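Chain residues, written in single-letter form:
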Amino acid sequence: MRKPSPLGYTAGTNKFPVVLVYDNSEHRSDLSDFDDMLNEVGYSRNNYLGSIRDYFIDQSVGKFVPEFDVYTAKLDEEFSFYVGFGLDSLVKEVAAKLKENAAFNAAKYDADGDGEVDNLSVVFAGTLGKEDEKRAQSYMSYLGSVDAGNGKKFNTHIIIWGNGAVFSPFVHEFGHALGLYDLYSTNGVDLNWVKTWGVQAPGVHGWGVMTLGVHSGNGYVAPGYNAFEKNFLGWLDFDTLDLKADVITIEPLEISNKAYMIPVPNNPDEWFILENRQKNKWDFVLPSHGLLIWHVDYDEYVWNSSLNDDAFHQYVDLVEAGSKMVPNFNDGGNQEYLVDDPFPGSENVTEFYGFKSWSGLDLGINLYGIMEENKNICFTTKKGVKVTTCDVKKDAFKIYGSLQQTVEEDASIEPITISGVKSYVRNSWMIYFLNIDYNESEETLTITSTVPKYTNPVVYKESFTINGEVYEVSLDVKKSNRVLTRPSIVVDEFSTNEDVTALSAITTFNVELRLQNDNLQVFASGDSRKNVAIFDMQGNKVYGADFNGTSYGVNLASFKNKVLLVRVTENGILLKQNRITVK
């Protein structure tokens, strides 16, 4: 299987600079709100489903944890000036201002060690005039080589501009910075392809954030990445379709992070992908739900130009189940034309005979009895076998989201019980990113978690027996922000009939900021070492100090009548962030 290689910063906990830029127009966003949208755990204001950091943690099952450091910059000219002369000049101006910012250190932003800041994000926070709004188009590009200081260069960058919500456009363009491709096509935008050529308009349309799905949540919600994109980024390994099994069941991609790949014999560049997409969390903005079948053909030259411009040979093709065809580019986000794309879908298509390569080779695999039950998809590859239920295997584990609770420092936590084996964990602020890997052929189950590089992992290992088989649980624990997250692990009906115990003895952990006149008091439980940092509204750090214990005070008399941003952190993890006005 040949495919593009992911960039070197798509795994681990990596920092990225983001610059919020203003001109003299009305500001649509301020530093504190924008920082929260990027970084806050469980960000939910304005009905958001989480922060952009949350989004990438979910998509990568914890393998990639971006941290966005937000700076601000005032443009020398009005935004329309740069639109007229090209936005590269704006980005170069912002890059120069950022380099001179005393709080900026380019060395923090080169995770892959290639001498370049991994990505610079520039977001216009002012208000566009009508003419500029018509031309607004966010994009990813390259500066070439612009000095960033500390021996580093600026090159890869994204720019987000427009009067709408920022979330989805940021995810889309940042996806390009990670190495992903556009799956839409701008070939013949105004052409009615159905009437002219008898085929639907090229592109994947509303089926992903790297295509027109970027608009499906009005900019506030981005649908998840498809299985190929996750695999390309190193966040998912494909399973092999077991043609000997009577019935094959696929759980939702958003929950299981599982998908199947069917290779074309003797051609490492071409394959099919089977994934189950349901309207869970980020994917609730997808056009429909069910089994999606993708036909991928990797050609380096075509992929680096425009991979889906040819309506008669799509290089990342969604194989539609139904008969409706998208007539033109502008209808690519219209649910009317997309609702029948999955199997069985709105047209109840329960069989598929289309596993044929672009050269005409029939792979000899067909799907029968395709059904959808309890958000699972099941089918058989054996003609004559009846599919009656989409039950998952009895000796597999399932994860249904996460149970979040907050506990005091050093509070005792009730154990997880799996078939009589107990794993105990103490201390608060620990988050578990669990990957469940069930190897069907070897009948082995491995439970592991991802631990970012800056933490000191605590590892627990246990073994247990199910139906005569011995399994090992490896549990890595890391510190995180404010909540203790324990995945809810559900054990199917084993003969042991064991279940999972619940969390108990839950109490609340608090960080409180109190401003009396010009004296700021920070209260935080626990004796661990913490840091308080204060910034002005231009993003400049004006004060910083470490402290131990439960309280700390600082006099802000020199900042009278100023608005400041206060951050309290522990080991780089944000505990509290508030804006204050010094009277």
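Residues numbered from 1 in each chain as written. Predicted model: local features only at pLDDT ≥ 70, side-chain atom pairs only at ≥ 80, totals over all residues. Heavy atoms only, no water.

What the protein chain contains, in helices and strands, is ten helices and 29 strands. Classification of the 583 residues of the protein chain by burial places 54% in the buried group. Partitioning the contacts of the protein chain with sequence separation of at least 6, the portion at a separation of at least 24 is 63%. (Helix = DSSP H or I, 4+ residues; strand = E, 2+ residues; numbered from the N terminus. Buried < 20%, exposed > 50% of the residue type's maximum accessible area, 1.4 Å probe, protein only. Contact = heavy atoms within 4.5 Å.)

Turning to the pattern of salt bridges, a few remarks are in order. Summed over all chains, the structure comprises 17 salt bridges. One salt bridge connects Lys108 with Asp69, and the closest N-O pair in it is separated by 3.7 Å. Separated by 39 residues along the polypeptide, Lys108 in the loop between α4 (88-100) and β3 (120-124) and Asp69 in strand β2 (residues 64-74) bring together distant segments of the chain. (Salt bridge = Lys/Arg side-chain N within 4 Å of Asp/Glu carboxyl O.)

As a further point, take the pairing of strand β11 (residues 316-319). Here β11 shows a buried face lined by Val316 and Leu318 and a second buried face lined by Asp317 and Val319. In terms of strand pairing, strand β10 (residues 290-297) meets β11 through four bridges, oriented antiparallel. When the sheet's bridge partners are listed, Ile293 is paired in β11 with Val319. (Pairing = 2+ DSSP bridges.)

A separate point is the side chain of Asp35. Position of Asp35 among the secondary structure elements: in helix α1 (residues 31-39). Of note is the side chain of Asp35, whose polar atom sits 2.3 Å from the side chain of Arg567. For Asp35, the residues in contact, after removing those within four places along its chain, are Glu40, Phe68, Val70, Arg567 and Gln577. (Polar contact = N/O pair within 3.5 Å; in protein donor to acceptor, adjacent residues only side chain to side chain.)

The next thing to look at is the confidence of the model for the protein chain. A low pLDDT score tells you not to read the predicted coordinates there in detail. Mean pLDDT over the protein chain works out to 77, with 76% of the residues at or above the 70 mark. This model gives residues 394-440 a pLDDT under 50, and the stretch forms 168 contacts once residues within four places in sequence are excluded. The model gives residues 471-509 a pLDDT under 50, and that stretch makes 159 contacts with residues more than four places away or in other chains. (pLDDT = per-residue confidence, 0-100.)

Topologically, Asp317 is positioned in strand β11. We note that Asp317 is buried and unpaired, the nearest opposite charge coming from Lys356 at a distance of 13 Å. In contact with Asp317, other than residues within four places in its own chain, are Ile293, Trp294 and His295. (Lys, Arg positive; Asp, Glu negative; His and termini not counted.)

So, about unusual backbone geometry. For the peptide bond that leads from Phe343 to Pro344, omega is -10°, which places it in the cis range. The topology assignment puts Pro344 in the loop between β11 and β12 (368-373). A positive phi angle, close to 45°, is found at Val61, a residue other than glycine. Mapped onto the fold, Val61 is located in the loop between α2 (52-59) and β2. Non-glycine residue Asn266 carries a positive phi angle of around 60°. Summarising the element assignment, Asn266 is placed in the loop between β8 (260-263) and β9 (270-277).

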